[in-house]
Each structure stands twice: as structure tokens, then as C-alpha cells.
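Fold and contact review
Each chain, letter by letter, is given below.
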Amino acid sequence: MTCPVRIALVGCGSEKREVPSPARDLYTGPLFKGALREALALAGEERTAILSAEHGLVHLDEVLKPYDLHLASLPRAKREEWGRATAGALVERFGASTAEVHILAGAPYVEALRPHFPASWRVVVPMEGLTQGGRLSWLKRAREARTASAAAVIARADFVAPVSREWLAESRGRQLRYFLPDCDDRVDPDFDFATDTRSAKGAWETEQYAHQLYPSPNFDGLLVSRMEAESPRAKARRLAELGVHRYLRVPPAVPVLGDCGAFGYASEAAPPFSTEDMLAYYTQLGFDMGVSLDHIAAVAASDEDRRARYELTLQNASDFLRGHRAAGHAWQPWGAVQGWSPATYAEAARQVVAMGYHHIALGGLVMAPTEAVLAILQEVHQVVPASVGIHLFGLARAEAARAFVALGVRSVDSSSPLRRAWLHARENYITLDGDAYAAVRVPYANGRAAKSLAGETLAKAQRLEKSCLEGLAACERGPVPAGLLDALEEYEALTLPGRKSMRAENQRTLEAQPWRTCPCALCQRHGIQVLVFRGNDRNRRRGFHNVWAWYRLLGKALRREAAPVVALVGGSQLDLFNLGSVTRAPAYAATTGGVA
Ligand SMILES: [Zn+2]
């Protein structure tokens, strides 16, 4: 059975503006405004229209001149004609198959329209028989009920997911703690994979974080960058109101680290925040640790600019610690360190430690090869006492984990394991033994990837899409169905033209069935769907699985049980990072260079 289309119609009002205006703004009476608000809540922008005595069926944004005509004042035959024409226009716009029409208009409109709707249409007149005063109070109550249910949804979402004592003990004992940067990575917990439908509109209150879907967090803490946290505005407001822990739904025992998100403004002349700003921001939002305001030196436009960024970062670190001490904040201050060579990083680290910091954070290294990072760390290690913890921004490299620890690194962060689920060309799903598989691409035939399809080609694409999805679901129960690889290849050529064929990768994934052997909660629950490259609810779940696997791989590497992690190493890291506005490749001096 197909779901009926819901349409809402609003009757025009007699109070009007005196200048030509879009229909939604032309009528100014409280009854029209209330009815329009209700109609939009019922049917949305696309399926809401206005009934005008003068113009018949009117789009919300159609510009109308003021006029003065009441349907009730027309002779019966004219009303009849109006009803037939307006119902005809509705059928033309929405088709004649099943529909549910909500009419929020007076009796003359309803009486004129009702006889002319197709028999398969259901007509709902919620305010039938009510006086004008009755309709106003009905609209008021409907609005209150809607607001109350929205508040109830938010109230249900506003809680923190518990974490176990075991996880806490293990996490605190880790030699190298892993922070997961938050970029609103959430999914619909009740997404229906069989019918491909969401249970609710995607929003903070209806979605869940990875740590709500796994028995325990797959990280030792979360990282929130201010550049990420400030947009959209609604997010910034909610964060300010709830604080970071409640926003992220983690208890106070899970540490949340804050930074500025310097890659997001790396190409600007100066950071968009001030040190005072940052101190207030970390305090108001309830961070556990906050990093001083930095500006990436390695991507500077000139030697002079590089030097200025370096000095600015040091000056900010000094002001930050002074401000922090003066105010007696309870959260931990971390000093940011920038540089462009082993010697410049080491000199900055030395100065920041001398200021009195117990924790320093090295930034600007995301794009540096592991050997360059190790060379920098070796110099930094010489000047940083063992009591000072070092954090590496954006660098989660399992192959170097033990070397990092030996050089004083106590924590790292990276969203690379998560994002490779949809950003990497072919290594989208990682396994506990360090292997990687391609996800099987079945983009939505009506989605972005295929928006140029039309007519016959679109119909063909839709048939192929259906058979690919059915074939993949069959892989869950048995061997790869005959013809599936062909269908996938054909569909890929239609929807992702110009891409190299993924046939060999698809075959490898479908024959190896890595989802069957993965013990993680998401693979256990959703099986092959985690390996299908299609929309947020599948792709991000695969990202969550990757973080789960990566967190364990890191643990193995630290315990010297390192499996080959080749798939996670090297140049492929580069395209996994959202580098914001960075347009220049950073220059790292290969060897020791003085602070010029
Ligand atoms: Zn898994």
C-alpha cells in the first residue's frame, strides 16, 4: 500500500496588505496566519497551497495584488465553477492517486470543493462547523500541542548515556588516549533498512551518537573544535544552553577537550577569536580541558607571516594561562604549540612548558608524514619533562603509537577512521586484523549522485537500484546471487559516470563477508547494510564500526600485538581530513632548522 500524499489548503482572508505581495504575506488576519502555520506543520512547504476566491489555487510565493472578493458573495453557479476549476488544479498538481486533503478554510470553500475531488481522496476538515472564535481557539490549541510534543522529544533526547566502570578504568590506564573529534556524527537509531526510510527528520533530538549504539565508548574522550561548534546557530545555542557533556550525551566522567579548530581559519590573517573569548567559551560550555588560541604556522603565506603566527601562538598561550589562573578555573589549560621544523616546535614547546603548562598540544601536523612528526617529537622530547603530557592534533597513526608514547605523547585525536567510511576511494571498512574493504556503492537513484538522470534512463536506474539492493540483502542469507556484480557495475556506470569500475572490489567484499565475522554491535545488528555505500544511515554506521575497530587496533599496537595496519598508513590520510580553508600544502623543514 502506498502512503497517501498529505495536502493542506488554507482559505484566504479578508484582511490584506495594500501592496502586491507573495500570497503567504498578503493576508494579515490572525485566522489566516494561524491556519497557514498549522497547514505548514501538517503538509510542509511543497504541499501547502492557498485557496483564493479571486485566483483559485495559489502557490505560497505567488505574488498577488490586493483584491476584494468573497466566495460566499458569488452566485451559486460561479461557486460551483470555482470549485471544479480549483479541484482540477489540485489534481493536476498532485496527481489523482490517494491523497489526504486537510482544508483549513470556511464552509463555502469546503462545500464548493468537496464534490469535485477524486473518490480516492480523503477530505479532512478539522475546523468544520466552528465559528470564527472557535477556529481561532482550535488553532491555538493545535499549536500548543505541537510545541508540547516537540518539547517532549527534546526532553527525551536530553540525557547522558551511562559508561561502565570497566571502560573508565581501562580508558584511564591507557598509555595513549584517543579523542574522537565530534562533527555531529549521529544516525537515526530506528532507520528502516528494508524500506529505506527514516523514523524521523534528522535532528539532534531524534538521532543518536555512536556511543549510544555501542555498549561502551570507542574513545577515551571527545574533542570539540569551536569552529565546528559555532555553526549552525541552532547548534551553538543548544551547546551554550546544555554544555558540551549534555549536548554530546556523555557523563562528566568522559573528558571533553576543546580547541579552536585552527585549520578552519588557517588561511585567514588572524584567528576569529580572542584569548578572553576562548577562556569564557571553555568555562561556559563546561569543557574538561581547553587549548590556548593558536594559528597554524606551517601553512603561512610567507616567512614573515609564519613568524607572526608562531609568535602570536606563544603570546596567546602566555595570556591564556595568566587569565586561567586569575579566574581560578577548574578545567585544565593546555598550551598550543605551533612550528614548522623540529627546532621551531621544540623551542615553542620549551617556552610553553616554562610558562607553567602541564599539558601541551602540537598542532599543524595533520598533513606531515609520520617520519617528519617523529623527527619533530624527538627534538620536543629533549626539552619537555616527563611530567608534561603531549597531545598530537589530528594524528592517529597506529603504526607509530609506540614511538609516540616513547617520546612523551599521551593523547591523539583523529576523525580519519570515521570519515574514511565515505571519503576513501576504496578502503571504507577496516577490520580488527588491519585489513580494509571497499563499501559497495548503491547511491540513491533520485539522489545527488544521479541528479542528471531523466526519463527512460531514470526508470532504468530505479530498476537497477532495486535489484542491487535486493541482491545485497540476499548476500546476507547465502552466496552472492548470479548477476549481482553485473547489476552493480551497470548501476554504477549510470549513477557515477567516469568512475573506475569497482567490480573487483565489490566481489572481494561480497565474497569475504567481513560483516559476518565482525563482533561489533552494529555489524551484528545490521549485517551487510554496514558495507553498503548509501546515505548517512549506512555510511556513518560504517564510520562508527571503523572507530570501534580502530580503537581496538590502537590498543593492540600499544600492547605490541600489532597486526599489519598498512591500510591506515601513509598518503591516504591526506584526503581523509576536512582541511577547511587550507589551500597551501604546509612546508616542513626536513631537518633541524633554527628559529630564524
Ligand atoms: Zn563491525
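What counts and how
- Residues numbered from 1 in each chain as written.
- Predicted model: local features only at pLDDT ≥ 70, side-chain atom pairs only at ≥ 80, totals over all residues.
- Heavy atoms only, no water.
- Pairing = 2+ DSSP bridges.
- Helix = DSSP H or I, 4+ residues; strand = E, 2+ residues; numbered from the N terminus.
- Axes fitted to C-alpha atoms, helices over the stretch in contact; angles between N-to-C directions.
- Contact = heavy atoms within 4.5 Å.
- Buried < 20%, exposed > 50% of the residue type's maximum accessible area, 1.4 Å probe, protein only.
- Donors = N, O, S within 2.8 Å, 3.2 Å for Na, K, Ca; no water.
- Phe/Tyr/Trp six-rings, centres within 6.5 Å; stacked < 30°, edge-to-face > 60°.
- Expected span 1.5 Å × (residues − 1).
- Arc of directions from axis to C-beta.
- Domains from an automatic or database assignment.

The parallel closed barrel is built from eight strands, whose spatial order is 8-11-12-13-14-15-16-17. For this sheet the average axis-to-axis angle between neighbouring strands, irrespective of direction, equals 25°. Note: strand 14 (residues 332-337) against strand 15 (residues 359-362), three bridges, orientation parallel. Residue Val337 lies in a different strand from strand 15, and its bridge partner there is Leu362. Helix 11 (residues 303-327) contacts strand 13 (289-291) and strand 14 of the sheet and is inclined by roughly 170° relative to strand 14.

Here the focus is the sheet that holds strand 3 (residues 48-52). The strand order 4-3-1-6-7 describes an open sheet built from five strands, whose pairing is mixed. Of all the strands in the sheet, the pair left with one neighbour each is strand 4 (56-58) and strand 7 (121-124). On average, each strand axis in the sheet is tilted by 30° relative to the strand beside it, whichever way the strands run. When strand 6 (residues 99-104) meets strand 7, the two strands line up parallel, connected through four bridges. Considered in strand 7, the bridge of His102 is made with Val124.

For the rest of this paragraph, the subject is the pairing of strand 1 (residues 5-11). Among the seven residues that make up strand 1, five are buried, leaving the element largely enclosed by the rest of the structure. Pairing of strand 1 with strand 6 involves six bridges; the strand directions are parallel. Its bridge partner being in strand 6, Arg6 is matched across the sheet by Glu100. Bridging between strand 1 and strand 3 involves four bridges; their strand directions are parallel. Within strand 3, the residue paired with Val10 across the bridge is Ile50.

Bringing the coordination of the zinc ion into the picture now. On the protein side, the zinc ion has Cys518 (SG), Cys520 (SG), Cys523 (SG) and His545 (ND1) as donor atoms, found 2.1 to 2.3 Å from it. Between consecutive donors of the zinc ion, the numbers of intervening residues give the motif C-x1-C-x2-C-x21-H. One end of the pair, Cys518, is in the loop between helix 19 (514-517) and helix 20 (521-526); the other, His545, is in helix 21 (residues 535-558), with 27 residues separating them in the sequence. Just as Cys518 is buried, His545 falls in that class too.

Across all of its chains, the model carries 16 aromatic pairs by this definition. Considering the side-chain rings of Tyr27 and Phe32, the 4.9 Å spacing of their centres and the 50° angle between planes classify their relative orientation as tilted. Taking relative accessible area as the criterion, Phe32 reaches 4% and is therefore assigned buried. Feature note: the residues Tyr281, Tyr282, Phe287, Phe320 and Trp331 constitute an aromatic cluster, connected by ring pairs.

Next up on the list: helix 16 (residues 455-475). Under the 1.5 Å per step criterion, the end-to-end length of helix 16 is 31 Å for 21 residues, consistent within 8% with the ideal 30 Å. Within helix 16 the residues assigned to the buried category are Ala461, Leu464, Glu465, Cys468, Gly471, Leu472 and Cys475. The buried residues of helix 16 occupy one face: seen down the axis, they fall within an arc of 135°. Those residues of helix 16 that are exposed and aimed more than 90 degrees away from the buried face are Gly455, Glu456, Arg463 and Lys466.

This brings us to the domain arrangement of the protein. Taken domain by domain, the protein consists of domain 1 (5-152), domain 2 (162-414 + 563-581) and domain 3 (422-558). Centre-to-centre separation of domain 1 and domain 2, based on C-alpha positions: 52 Å.

What follows concerns the environment of Pro271. Among the secondary structure elements, Pro271 is positioned in the loop between strand 12 (256-259) and helix 10 (275-285). Under the relative-accessibility criterion, Pro271 is labelled buried at 13%. In this structure the C-alpha to C-alpha distance between Pro271 and Cys260, which are eleven residues apart in sequence, comes to 8.7 Å. The residues contacting Pro271, other than those within four sequence positions of it, are Tyr265, Leu293, Asp294, His295 and Leu312.

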